[in-house]
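Observations on the model geometry
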Amino acid sequence: MSTLSTPAGAPPAKQRTPVRPARVLLHVFLAGTALAWLAPLLWAVFSALRPYSETSTKGYVSWPDTLSLDNFTNAFEQSDMLHYFGNTLLIAVPAVLLTLFLSSMVAFYVSRFDFRLNLALLLVFTAGNLLPQQVIITPLYRMYLLTDLPGITASGKLYDSALGLVLIHVAFQSGFCAFVLSNYMRSLPHELTEAALVDGASAWRLYWQITLPLCKPAMAALATLLSIWIYNDFFWALVLISTGDNMPITSALNNLSGQYFTDPNLVAAGALLTAIPTLIVYFLLQRQFVSGLTLGSAKG
C-alpha cells in the first residue's frame, strides 16, 4: 500500500486552523456594528443625491428615479460655505496650536521635574474637563459681555468674536492634552534630561529642543482630535456668537433652513460637505494618530 510523501526540499503544507464558533460570532457582531454606524451616513448620502420633489412624492424609502449632485451644489452656494470655512479656520488653527503649546509646557513641567505639588497641579488642569459646559455658561456669558476689547475685536468685546471662541476652546481642551502628554513624557528616558542638564542646557532648551521633538507622535494624535472637536463645535458658537457672518461652518447650516420650509435633502448635502475637512485631516494624520494613541501608555 503506497503513501504520498512530500518531495525533498518542498515546504511543508500548512494546516488550516479550524474556525471556532466564537470567532464567527465576533465577526458577525463587528460587521453588524459597523453597518449600524454607517447606516445614518449612507442614508444621508442617499437622501442628498435625490431631489426633494421626488422624495416628497414617492417617500424616502423608495427606489430613486434621479440621482444627481444638484443638492451639493445648491448647499455650497446658498450657505456661502467658503466664508464660513474661513471663519472656522480662523478659530480652529489658533486654538489647536495654542492648546498644544500651553498643554505641552504644563506636561513638561509636571513630568520632568519632581516637586511636592506635581500631581496636584496636573489634577487641577484635568479637573476642568470633568465640569459640564452647561454649568458655567451663564457666568461665562456674562463675563464675555463685560470684557471690553476696543480695537482688538470687531465687536469691541470678547463676546461675538473669534478670539472668544479660541480662548474657550483652549481653556477646555488644555486639561485633556496636558494629561495625555504628561503620561507620554514620563515614558521618555530621564537620561536625556540628565545628560542635557550636565551639558548646561536651560529648562527652555530641554523643553523645546529635546523633549518636544520626541513627542511628535502624541502631538499629531492630539492635533487630529482637537481639530475634529473644535471644528465640530456647535454649542459655544451658538452661545457666544450673535452675528451670523462671524459664525463657524457648523452654525452656517442654519442658512439652509427657511422660516416656513426646510429641504432635508439640501440640509443632508450641506452636512456631508461640512464633514469633508475633518475626513481630510484624519486621513492625512491617520498613521500618527494611531501610533500616538498607544505610545507612552505603558508607563505613567
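Because the structure is a prediction, the values reported are computed rather than measured. (Residues numbered from 1 in each chain as written. Predicted model: local features only at pLDDT ≥ 70, side-chain atom pairs only at ≥ 80, totals over all residues. Heavy atoms only, no water.)

Considerations on the confidence of the model for the protein
- In the predicted model, the protein carries a mean pLDDT of 84, and 90% of its residues have values of at least 70.
- When pLDDT is averaged over each helix and strand of the protein, the minimum, 68, is found for helix H14 (residues 286-294) and the maximum, 92, for helix H4 (residues 81-112). (pLDDT = per-residue confidence, 0-100. Helix = DSSP H or I, 4+ residues; strand = E, 2+ residues; numbered from the N terminus.)

Side note on the pattern of salt bridges
- Under the counting rule described, the total for this entry stands at three salt bridges.
- Here Asp65 makes a salt bridge to Lys58, at a shortest N to O gap of 3.2 Å.
- The exposure class assigned to Lys58 is partly exposed, which follows from its relative accessible area of 36%.
- Among the salt bridges present, the one from Lys157 reaches Asp148, with a minimum N-O distance of 2.6 Å.
- Lys157 gets classed as partly exposed once you look at its relative accessible area, which sits at 29%. (Salt bridge = Lys/Arg side-chain N within 4 Å of Asp/Glu carboxyl O. Buried < 20%, exposed > 50% of the residue type's maximum accessible area, 1.4 Å probe, protein only.)

Here's the deal with the packing of aromatic side chains
- Tallied over the full model, the rule gives 12 aromatic pairs.
- For the ring pair Tyr282 and Phe283, a centre distance of 5.7 Å and an interplane angle of 65° mean the geometry is edge-to-face.
- Owing to a relative accessible area of 26%, Tyr282 belongs among the partly exposed residues under this scheme.
- Following the ring pairs from residue to residue traces out a cluster consisting of Phe108, Tyr109, Phe113, Trp204, Tyr207 and Trp208. (Phe/Tyr/Trp six-rings, centres within 6.5 Å; stacked < 30°, edge-to-face > 60°.)

Examining the nonpolar core
- In terms of nonpolar packing, the biggest core is built from 57 residues, with Leu100, Tyr144, Leu165, Ile168, Trp236 and Ile249 touching the most fellow members.
- The greatest single-element share of this core, amounting to 10 residues, is contributed by H4.
- When residues no more than four places from it in sequence are discounted, the contact partners of Tyr144 are Lys157, Leu158, Tyr159, Gly164, Leu167, Ile168 and Leu240. (Core = buried A, V, L, I, M, F, W, Y, C linked by side-chain atoms within 4.5 Å. Contact = heavy atoms within 4.5 Å.)

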